[in-house]
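An overview of the molecular structure
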Amino acid sequence: MSVKKIIVLLVVVLSASAFTTYKYYPIDGYERTGIKRLKRLELIKSGEIKDASALPVGAMKSYTDIQLNLLSRKNDSAMGLMQVDADFQKEINALFRGLDKSYSLTVLDISDPENVRYAERNETAGYQPGSVGKLAVLLGLFTQLEKIYPDSFEKRTELLKNKSVKAGVWGLTDEHTIPIYNIEKNTLVKRQVIASDVFSLYEWADHMLSVSNNGAASIVWREALLMAAFGEKYPELTQEEADTYFKETPKKELTDLSNDVVNLPLRELGITSDEWRLGSFFTRGANTYVGDKGGSIGSPQGLMKFLVQLEQGKVVDEASSLEMKRLMYMTDRRIRYAQSPALKEAAVYFKSGSLYKCDRSNGEACGKYMGNVTNFMNSVIIVEHPDNCRYMVVLMTNVLRKNSASDHMYLAGNIDKIIRKG
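Residues numbered from 1 in each chain as written. Predicted model: local features only at pLDDT ≥ 70, side-chain atom pairs only at ≥ 80, totals over all residues. Heavy atoms only, no water.

The chain has the name beta-lactamase in an unreviewed UniProt entry, where Maribacter dokdonensis is given as its organism. The UniProt entry for the chain carries the following text under Sequence similarities (unreviewed entry): "Belongs to the class-A beta-lactamase family." As stated in UniProt under Catalytic activity (unreviewed entry), the record for the chain gives "a beta-lactam + H2O = a substituted beta-amino acid". (UniProt positions renumbered as here; feature names shortened; annotations may be inferred.)

Pasting the structure below:
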């Protein structure tokens, strides 16, 4: 098949799936988490509910199947494991021949934890992380949970499951919908977050990752901020007390604390502010109470440092690392990098992010995911094939006037081929 035909085929596939959702967390996790959409997936898997969209083979891992891959290398530093393998680097370089520095990457093959292989390209380049920044919010949440219950992970997950909070203006506005499943009526509604929505912390975190809802991300970040402010009093914090706190606390104080909540845990992992930082909430509604600070940036090197330490069990602690990885697990349709046919049977733990900006003043064409000023698209993924081929990739691009999803998917298949042949 010619290159031209392959590109046309990729465009058709991507166009057909551009607005699909992708869902996370093991399907059998409902009883433990209370995330209602998982119950529906259980019923689809068992055949009790008919659904036209089949679950990918790689989405079938159970809650207990998901494990951390680098526990045996826990005493190594992230950068110690991220040492370029010359032969591997040469093969990866060949994939980018003729491409400019709008493409940046880090890739770590951990199929054999004792003999990892690493390659990189423009690894320190900074990009607007977009929704990939939601992983920093997730880290902030689990950091604060550990501070409230330092001796009991069970109490942390109980709080996530049993503490329900209201969206308020923080959840406004975002075009991404959320899935709302009524177990009693067996009905599923997908709509945008509204101010009166109430969900558990687990469900808000799931909405933040599973459909990349910006409102949910701001709400999870808000709750992490409240945990930092109220400490051990947070579990009993009422809506009225939270509202009063935000009304009476100076905006600068709230901005500084919220910034610390998501950024200091990154610094504790040895990730510098130039490698990854988050400077603003994900919704305009949040700006009623908090401002922006420092700007947001991400780099392939910084994000790979996070993934490595996640697999080492060093992000907060081992139990938190594993739970965060479960929340990244895809259990539905996949997009961009993760949509590669080469990954169909693999378990994937994934976050994608994009941000584009258009200038139409000169009459130049510009559209969604095809910005002509900036056009960031980022993919962060852990891949686990059934044959124990395992690796991690951070791909960040800023290719103007082009939807880079096809590039991400093309590179995914070729990187997978290189790693699988050893």
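Moving on from the coordinates now.
Description of the overall build of the chain
Looking only at helices and strands, the chain features 14 helices and eleven strands. The globule rule puts the C-alpha radius of gyration for 422 residues at 22 Å, and the 21 Å found for the chain is close to it. Seen through its principal axes, the chain has C-alpha atoms that stretch 60 × 55 × 45 Å. When the accessible surface of the chain is totalled, it reaches about 17,800 Å², and 50% of it is carbon and sulfur. Computed over 55 positive and 52 negative side-chain charges, the separation of the two mean positions in the chain equals 6 Å. (Helix = DSSP H or I, 4+ residues; strand = E, 2+ residues; numbered from the N terminus. Rg over C-alpha atoms; globule rule 2.2 N^0.38 Å. Areas by Shrake-Rupley, 256 points an atom, 1.4 Å probe, with all protein chains shown as cover. Lys, Arg positive; Asp, Glu negative; His and termini not counted. Charge placed at Lys NZ, Arg CZ, Asp CG, Glu CD.)

Things to note about the pairing of strand E10 (residues 374-384)
Within E10, ten of the eleven residues are buried, which leaves it mostly tucked inside the rest of the structure. Bridge count between strand E9 (residues 347-357) and E10: eleven bridges; the pairing is antiparallel. If you follow Tyr349 over to E10, its bridge partner there is Ile382. Pairing of E10 with strand E11 (residues 390-398) involves nine bridges; the strand directions are antiparallel. Bridge pairing links Val383 to Tyr391 in E11. The antiparallel pairing of E10 with E11 creates a hairpin that spans five residues between the two strands, and Asn388 there sits at a positive phi of about 75°. (Buried < 20%, exposed > 50% of the residue type's maximum accessible area, 1.4 Å probe, protein only. Pairing = 2+ DSSP bridges.)

Remarks on the environment of Leu278
Assignment of secondary structure puts Leu278 in the loop between strand E7 (276-277) and strand E8 (297-298). Taking the C-alpha atoms as reference, Leu278 lies 7.4 Å from Ala136; in sequence the two are 142 residues apart. With residues up to four places along the chain from it excluded, the contact list for Leu278 reads Gly133, Ala136, Val137, Trp221, Asn259, Val262, Asn263, Lys293, Gly295 and Ser296. (Contact = heavy atoms within 4.5 Å.)

Quick look at the packing of aromatic side chains
Taken as a whole and assessed by the stated rule, the structure comprises 14 aromatic pairs. Ring plane angle 55° and centroid distance 4.8 Å describe the contact between Trp170 and Phe246, whose orientation is recorded as tilted. Taken as a pair, Trp170 in the loop between strand E3 (164-166) and strand E4 (178-182) and Phe246 in helix H10 (residues 239-248) lie far apart in primary sequence, 76 residues in all. For the pair formed by Trp170 and Phe246, the shared burial category is buried. When the ring of Phe230 is compared with that of Tyr245, the centres are 5.3 Å apart and the planes differ by 70°; the resulting orientation is edge-to-face. Linking Phe230 in helix H9 (residues 214-230) with Tyr245 in helix H10, this pair joins segments that are 15 residues apart in sequence. Take Phe230: its relative accessible area is 24%, and that puts it in the partly exposed class. Note on Tyr245: relative accessible area 14%, which makes it buried. Each residue in the set Trp170, Trp221, Phe230, Tyr245, Phe246, Phe281, Phe282 and Tyr289 is aromatic and connected to the rest through ring pairs, giving one cluster. Arg117 extends its terminal NZ or CZ atom over the ring of Phe88, reaching a point 4.5 Å from the ring centre. The aromatic ring of Tyr234 is capped on one face by Lys163, whose charged end is 4.9 Å from the ring centroid. (Phe/Tyr/Trp six-rings, centres within 6.5 Å; stacked < 30°, edge-to-face > 60°. Lys NZ or Arg CZ within 6 Å of the ring centre and 35° of its normal.)

A look at the environment of Arg401
Relative to the elements of secondary structure, Arg401 occurs in the loop between E11 and helix H14 (405-420). Between the alpha carbons of Arg401 and Asn375 there is a distance of 7.3 Å; along the sequence they are 26 residues apart. Discounting chain neighbours no more than four positions away, the residues touching Arg401 are Glu364, Met370, Gly371, Asn372 and Asn375. Of note is the side chain of Arg401, whose polar atom sits 3.4 Å from the side chain of Glu364. (Polar contact = N/O pair within 3.5 Å; in protein donor to acceptor, adjacent residues only side chain to side chain.)

Here's the deal with the state of the cysteines
Scanning the model with the defined rule gives one disulfide in all. The disulfide that involves Cys358 links it to Cys366, with 1.9 Å between the sulfurs. Here Cys358 and Cys366 share a disulfide; its torsion about the S-S bond, -80°, makes the bridge left-handed. (Disulfide = S-S within 2.5 Å.)

Here's the deal with unusual backbone geometry
Cis geometry marks the peptide bond from Leu172 to Thr173; its omega dihedral reads 0°. By the element assignment, Thr173 lies in the loop between E3 and E4. The phi dihedral of Asn186 falls on the positive side, at around 55°, and the residue is not glycine. Structurally, the position occupied by Asn186 is in the loop between E4 and strand E5 (187-191). Judged by relative accessible area, Asn186 falls into the partly exposed class, the value being 42%. A positive phi angle, close to 75°, is found at Asn388, a residue other than glycine. Counting through the fold element by element, Asn388 comes out in the loop between E10 and E11. Since its relative accessible area comes to 45%, Asn388 is described here as partly exposed.

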